[in-house]
Amino acid sequence: MISTRATPPCTEPEALFADVIVPRHLAGPFTYTVPLSLQSTLRIGHRVLVPFGRSILQGAVIALSHVLPEGLDQARLKEIRSLLPEGTATDVASNLFQLSRQVAEQYVAPWGQCLRLVLPPALKPRAQVSRYDLTEQGRAALAAREPCSMKARALLARLGKKPSGLRRSSRSPDRGDLLYDLKARGWVVEVQSLPSVSTAPLVRPNRQASQDNSGVTVSLIPDNAMSWAEALFEALRGQGPSRVLVQASWTDRLRLLQRAVRLVLDRGQTVLIIVGEAERAQWVAGLIRDDETGISPVCFHSGLSAQVKSDIWDRINRQVIRLVVGTRSAIFLPLSAIGAIWIEGEEDAALKEPQEPRYHAREVAWVRAQDEQTVLVLSSSHPSLETRAAVEQRGAVARKLMPSDARPNVQVVELRDHGCGTVLSQPLVRAIEQAIGRRAGVLLFLNRKGYAGALVCRDCGQVPRCPTCRVALMYSRQAGRLLCSYCGDFTPLPETCVSCSGLRMQLIGEGTERVEEDAKRLFPHAAVIRLDGDTMRLAVQAEALWRRVEQGEWDIIVGTQLLLRRRPLPTMGLVGIVQADAGLSVPDFRSAERTYHTLLDAVSLADSAENGGQVILQTYLSSHHAIQAVAQNDESVFLAEELSHRTTLGYPPAVYLIALLVSGTNEKMVRDAATAWVAQLTALSSPSVTGETTAARTLLTAQSIGRSDCLTVLGPVPAQVPKLRGRYRWQVLMKSSERETGLEAVRITVKDMERTYQHRAIKFDVDVNPIEMW
C-alpha cells in the first residue's frame, strides 16, 4: 500500500560561521565555516586548526554567528579543519583570552600576534619510538616451547625479562625481521610512544595554612623588623586590586619578598615573580627556595627548551605549580588564584618586549592584577619616574632608605682639571694603590665596551661608519679592527681617512679595553679581569670569569653595566667610575635617569665608609643634577630637576609617548610614507578637517577634538640609526596628554598606511611608551 501522506521536507542544518584570529601580523579576523561535526561543541575561545593559504595554522575562535558577514561569498569560505589534537588544551582561559585582546588594543598590535603570548609554547613534533612487548600468547608459546628458530626463542626469552619492552634497532636488521615474524604470529605487539623529557621540579605546597574568620593568614601580621613595609601587608590584607611600590636595598627587598611569598602560599594562592634577565631569574629562584617549608619556585624564561617550557606551562595550567620566577613572558602564564605579582627591578629596560607586540611586562602586570583582583608589587632600589607618578595616582609606597653611615665616601673628580685624554686620574690611581695594598678589591666601572668609542679624522672630522647601518664603527683593540655594534660587520683599521685621505686618524671615547690596558700598565703585579659583552659573549667564557670572581682570583675588576645585571659581586673597597657622564650624551630623554640609576648601582657595590669603602666619580659634568644627587646622597636633588625638565619639554610622566617607525629598502618611498603618516596624524589633531579625516576623527574622544595641546606630532626625521641591515628608517614621535587619544589616532592611521603600502614594501612599526628610541 502506497501512503498518500506528504513526506516532510528534508531541512538542512543552519550554517554556522566562525571568526578566527591567527598568529600573524594581519588585521583579521578571518571567517570560516564550521563543519557539522563541530557545530554542537565549538565555543568562543576554542583553539582550532584552520587552512591558511598553503599552511595549516592554529587559531582561536573569537565569534560565532549563523549570519554570513556582509560582503563575503559562502562558496569561497574555507572550513575549520578540527579542534586541536586530543591531549592539548583546546581552549584559551577566558581571562587570558581577554588579556591578549587588551594587549592588542593597548599596544596597537594585531590580535593574532598577541594571541601567541597566551598560548602554550609551540612544540616541534617529536619522533615516535617503536617498542615491542611480549603478548600473553607469546608468553604461553615461550612456556610451551612452541616450535620456532633458536634466534626467535632467544628474543622471546629476552622480551620476557624486559617489562619495558625492546626497541627496534636500525643497527640490527635481523632483529627487525624476527620481530616482524613474531608480530605476525601474535606473540609480540608494537607500541608507539614518545621519548621522555626532563622537567622542572614540582612544587610541594605548604598545607599548614592557619586562617582567621576573615580568610587572612594570621602570620600576615608583620613583625617589628618589617614595620617599614606595612603598606604592603595592608594591601595583602585588603580586597580588590592594589599597587604597592617597594623602595629599599636589595637585602631588605629580598627579605620582604621571602616573607610575602610564604604568606601568599600559606593562603593557598599562587605567586608570580617577574625579573628582567634569565640568569637573574634563576638566581632569585635559588634565594627564595626553602626545602623545609616546601617553597620550591619554578623558573620560566626564553633560555629553556621548548619541551621544558611546554611541560611547565601544562603543569601550571593543571594547578600543580604555585610559585613561578620568570622573565617578561611569564606574565602570560595560566596561573590561577594569584595572590601577588612581584616585579623585581621594575625600571629594568629588559621588561619591555623589543619585537611586536611591544608590550611592557610592568604595564601588563597591572592589567592582570586588576583582572585577578590581586596585589601588584613594584620593587626597586631606584624606581622609574613613570612608576612613581602612577603610584602617586593610585597606590601605596613602602620605603626604607639606606642610612647614611652604611654608605661609602663619595669623591667627585673633575676631569677638566686633568690632562686631555686622561683615563685614570691621579686621585683614582692613588686610591687603587691603597685598596690593592689592603686587599680590599677594586672595581673600575665604565659602561662602554671596546677600546675606543670611535675613530675620527682630525683633518675633516669624518668618522668611519658601517655601510649597512650608517652608525659609527667602534674600535676593538682585542679584535684589531672596527666593529659595528648593530649588525656585527667589521672592517680593518684604516691608515688614512676614506673621505679626505688624511693621515691624522685619532681614537676618541675610551672603552673597557682601554681601561684594562691602563690598569695593567700602572699596576703590573695586580690581577686584572674584564667583564663586558666581549669577554662574556660565550657561556663558557662567562662561567670561567664568574668562577674567578667568586674564588677571589683578582685585584681589579673592569666592567660595564653587564656585571650589575647578573650575579651579585663581592663588596668592594673602592669603586672607580671612570666616566660618570658617559651616558648623558646619549640622544634619549631618559639618559639622565638611566645614568643616575647606573651610578647608584655602582655605588651600592662599595663597602661602608666606616669600613673604608670609597667611591671616586670622574666626570666632565660635575654640576649635572644626576651626578650631584649621587654625590650628596639625596634623590630629591635629581627628582626635582628631572621632573621639571620632563614637564617643561613634554616627556613622560608628564605626557604619553608613542614612537612610530617607517622602514624599507627604498629610501624615497620610506621618506614619503613617513611624511604621509605625519600629515594624517596632524590632520586628526587639527580643528578643521574634511572628508574621510572627519569621519576618522569622530572616533577620537570628544574632549580631544580641537585641542591643540592634546596631540603633538614630531617628525618625520631619520632614525638614530638611519639605515639598519640594509633598510632605511625614519621615525615619528607622537605626544598625547591622554593615552587613549594617542592610541586611537595611531590605530586609525596605521590601518590606512598599511592599505596604501600593501605587500609589505614599507613596514610600519608602533611602540607605545617606548623605552629605547629607534
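Check the entry above for the structure.
Predicted model, so just to flag it, every value in this text is computed and none were measured.

Scoring rules and cut-offs
- Residues numbered from 1 in each chain as written.
- Predicted model: local features only at pLDDT ≥ 70, side-chain atom pairs only at ≥ 80, totals over all residues.
- Heavy atoms only, no water.
- Core = buried A, V, L, I, M, F, W, Y, C linked by side-chain atoms within 4.5 Å.
- Buried < 20%, exposed > 50% of the residue type's maximum accessible area, 1.4 Å probe, protein only.
- Helix = DSSP H or I, 4+ residues; strand = E, 2+ residues; numbered from the N terminus.
- Contact = heavy atoms within 4.5 Å.
- Axes fitted to C-alpha atoms, helices over the stretch in contact; angles between N-to-C directions.
- Parallel < 35°, antiparallel > 145°, perpendicular 65-115°, else oblique.
- Left-handed = near helix turned anticlockwise from the far one by under 90°.
- Nonpolar A, V, L, I, M, F, W, Y, C, P; charged D, E, K, R; others polar.
- Pairing = 2+ DSSP bridges.
- Phe/Tyr/Trp six-rings, centres within 6.5 Å; stacked < 30°, edge-to-face > 60°.
- Lys NZ or Arg CZ within 6 Å of the ring centre and 35° of its normal.

In this structure, Trp677, Phe764 and Val766 are the most contacted members of the largest nonpolar core, which totals 71 residues. Of the residues forming this core, the biggest block, 7 residues, is contributed by helix H20 (residues 667-685). Look past the residues within four positions of tryptophan 677 in its chain and what remains in contact with it is Leu660, Leu661, Val662, Thr749, Val750, Met753, Phe764, Asp765 and Val766. Counting 37 residues, the second-largest nonpolar core is a separate cluster that includes Leu385, Phe445, Ile577 and Leu599.

Let's shift gears to the packing of helix H7 (residues 230-237) against helix H8 (residues 250-266). Running from amino to carboxyl end, H7 crosses H8 at an angle of 15°, the nearest separation of the two axes being 12 Å. When the interaxial angle is binned, H7 and H8 end up roughly parallel. The handedness of the crossing between H7 and H8 is right-handed. Facing Leu232, Phe233 and Leu236 of H7, the residues of H8 in contact are Leu256, Arg259, Leu263 and Val264. Taken together, the residues that form the contact of H7 with H8 break down as 6 nonpolar, no polar and 1 charged.

All right, on to the side chain of histidine 382 then. With respect to the helices and strands, histidine 382 occurs in the loop between strand E14 (375-380) and helix H12 (385-393). Judged by relative accessible area, histidine 382 falls into the buried class, the value being 3%. If we skip the residues at most four places from it in the chain, histidine 382 touches Glu347, His597, Leu600 and Asp601.

Attention shifts here to the sheet that holds strand E3 (residues 47-52). Whenever strands of a sheet pair, they do so through backbone hydrogen bonds, lying parallel or antiparallel. In spatial order, the strands read E2-E1-E4-E3-E5; together these 5 strands make up an open sheet with antiparallel pairing. Where the open sheet ends on each side, the last strands, each with one partner, are strand E2 (30-33) and strand E5 (82-83). Bridging between E3 and strand E4 (residues 55-65) involves 6 bridges; their strand directions are antiparallel. The residue bridging proline 51 from the neighbouring strand is isoleucine 56, located in E4.

Most of helix H3 (residues 111-118) sits out of view: 6 of its 8 residues are buried. Along H3, the residues classified as buried are Trp111, Gly112, Gln113, Cys114, Leu115 and Val118. Next to the buried residues of H3 lie strand E1 (17-21), E4, helix H2 (94-106) and helix H10 (306-317).

The final tally for this structure, using the stated rule, is 8 aromatic pairs. Seen in terms of ring centroids, phenylalanine 97 and tryptophan 111 are 5.3 Å apart; in terms of plane orientation they differ by 50°. Their pairing is tilted. Highlighted residues: phenylalanine 97 in helix H2 and tryptophan 111 in helix H3, separated in sequence by 14 residues. By relative accessible area, which is 13% here, tryptophan 111 ends up buried. Plain terms: the ring middles of tyrosine 757 and phenylalanine 764 are 5.9 Å apart, the flat faces sit at 55° to each other, and that makes the pair tilted. Here tyrosine 757 matches phenylalanine 764 in class, with each residue buried. Across from the ring centre of tryptophan 366, 4.2 Å away, lies the NZ or CZ of arginine 243, which sits over that ring. Directly above the aromatic system of tyrosine 651 lies the positively charged group of lysine 735, at a separation of 4.1 Å from the ring centroid.

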